[in-house]
Amino acid sequence: MSRPRIDAVRGVLQRPAPADSIVHERFAPAAELEEFIQHFWTVRWDLRGEPPLLAETLPHPCVHVVFDRGQGRVTGVQSRRFRRRIQGQSRVFGIKFRPAAFQPVLGAPLSQLTDRTVSVRSVFGREGIALKDALLAEPDVRRCVTLAQDFLRRRLPPMPEPIARMRDLVERLAADASVTRMEQVAALAKLEPRNLQRRFSEAVGVSPKWVLKRYRLHEAAEQLARVQVPDMASLALQLGYFDQSHFIRDFKALVGCSPGQYAERAAASRSALGQQVRRRP
């Protein structure tokens, strides 16, 4: 039985949306797949009679295998935020691999997939096409999880120890807010900076500096979406920035607006949702 994933969603940017029109669910992998898989996920929406919405998410240092619009795609780590205009009624089903964990599946440096999307067939062969057809024909998301897990059980290679160490290091960078500098990452990895860069490129697909910056900006977006918005100078310092202007510049480059504007947008989203709830009979 697939288990819902209940830890917090990170990286989904706030925008006003009709109540209950978009549903995002995540499911934890079976124990024997946990070395590789972070979770299975689905987004489904019903915007019939509503204007299109722009869905945006911040990038994670992870590979996704995604099934929708008649296609199955393997999406490497994306350096920019993901943007998609959604309308009508549809759904997406995806598999999120843990950082570095797709490298043994690809059998090549993960940097080859960075900012690229390739077909499921190019990685998994004809059996990947069969999985795509089965998932797109299956309306029950829990059954989709079962189909995906059965497929992966037969195809995932053993997890190499160096990849497992790199995976765990990247996940520590996400969880440990005290790690904000490259020197700290090199010390944790017990590698010289040049070797660290090479290992990250091969196993994760991006640099350690990129990972640090993205996780800091994930944290910033999360805090700015709260009811009590933090002081910008204090937030910048907490995230390891030496000056507020540098933080604002990085945030705007990734998110597309300033931290202050994003906090206002998140407040508008909460207000719109509250009004929709109050109008319900």
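Let me sum up the structure you'll find in this document. Remember, predicted model here, so these are calculated numbers, not experimental data. (Residues numbered from 1 in each chain as written. Predicted model: local features only at pLDDT ≥ 70, side-chain atom pairs only at ≥ 80, totals over all residues. Heavy atoms only, no water.)

Glancing now at the packing of aromatic side chains. On inspection of all chains with the given rule, the structure shows seven aromatic pairs. Ring geometry for Y241 against F247: centres 5.6 Å apart, planes inclined by 55 degrees, an arrangement best described as tilted. In textbook terms, an aromatic cluster arises when at least three aromatic residues are bridged by ring pairs, as seen for F97, F102, F124 and F151. The cationic tip of R155 hangs over the ring face of F151; the distance from NZ or CZ to the ring centre is 4.0 Å. (Phe/Tyr/Trp six-rings, centres within 6.5 Å; stacked < 30°, edge-to-face > 60°. Lys NZ or Arg CZ within 6 Å of the ring centre and 35° of its normal.)

Let's shift gears to unusual backbone geometry. A positive phi angle, near 60 degrees, is found at D115, a position not held by glycine. Here D115 is to be found in the loop between α1 (103-106) and β9 (117-119). One non-glycine residue, K190, lies in positive phi territory at about 55 degrees. Considering the arrangement of structural elements, one finds K190 in the loop between α6 (182-189) and α7 (193-203). (Helix = DSSP H or I, 4+ residues; strand = E, 2+ residues; numbered from the N terminus.)

We now examine the sheet that holds strand β3 (residues 37-46). Pairing is antiparallel in the open sheet, where seven strands are placed in the order β1-β2-β3-β8-β5-β6-β9. In the strand order of this sheet, the two ends are held by β1 (3-4) and β9, each with one partner. Here strand β5 (residues 64-68) pairs with strand β8 (residues 89-97) via four bridges, running antiparallel. If you follow V66 over to β8, its bridge partner there is G94. Most of the contacts of helix α3 (residues 126-137) go to β5, to which it runs at about 55 degrees, and overall it touches β5, β6 (71-75) and β8. (Pairing = 2+ DSSP bridges. Contact = heavy atoms within 4.5 Å. Axes fitted to C-alpha atoms, helices over the stretch in contact; angles between N-to-C directions.)

Looking now at the nonpolar core. With 52 residues, the main nonpolar core has F93, I95, F97, F102 and F200 as its most contacted residues. Among the elements that take part in this core, helix α4 (residues 141-153) stands out by supplying seven residues, more than any other. Not counting chain neighbours up to four residues away, the residues in contact with F93 comprise F40, W41, T42, V65, V66, F67, L135, V141, C144, V145 and A148. (Core = buried A, V, L, I, M, F, W, Y, C linked by side-chain atoms within 4.5 Å. Buried < 20%, exposed > 50% of the residue type's maximum accessible area, 1.4 Å probe, protein only.)

Take the layout of surface pockets next. Estimates place the volume of the second largest pocket at around 290 Å³. T180, R181, R216, G240 and F242 are the residues nearest the centre of the second largest pocket, which is lined by 13 residues in total. Put simply, the parts of the chain that give the lining of the second largest pocket at least two residues each are α6 and α8 (208-224). Sorting elements by how many residues they give to the lining of the second largest pocket places α8 first, with four residues. When the residues that make up the lining of the second largest pocket are grouped by side-chain class, the tally is five nonpolar, three polar and five charged. (1 Å grid on protein atoms, 1.4 Å probe; cavity = no way out; pocket = protein on both sides within 12 Å on 5 of 7 lines; lining within 4 Å. Points joined across faces, edges and corners; volume = space filled by probe spheres on them. Nonpolar A, V, L, I, M, F, W, Y, C, P; charged D, E, K, R; others polar.)

All chains considered together, the criterion is met by 22 salt bridges. Note that E171 is salt-bridged to R98, the shortest N-O span being 2.7 Å. Here the residue E171 occupies a position in helix α5 (residues 161-175), and R98 occupies one in the loop between β8 and α1, the gap between them amounting to 73 residues. Relative accessible area serves as the criterion here: at 24%, E171 is assigned to the partly exposed category. Its relative accessible area of 16% is what places R98 among the buried residues. The salt bridge partner of D168 is R167, with a shortest N-O separation of 2.9 Å. Judged by relative accessible area, which is 37%, D168 ranks as partly exposed. Classification of R167 as buried rests on a relative accessible area of 7%. (Salt bridge = Lys/Arg side-chain N within 4 Å of Asp/Glu carboxyl O.)

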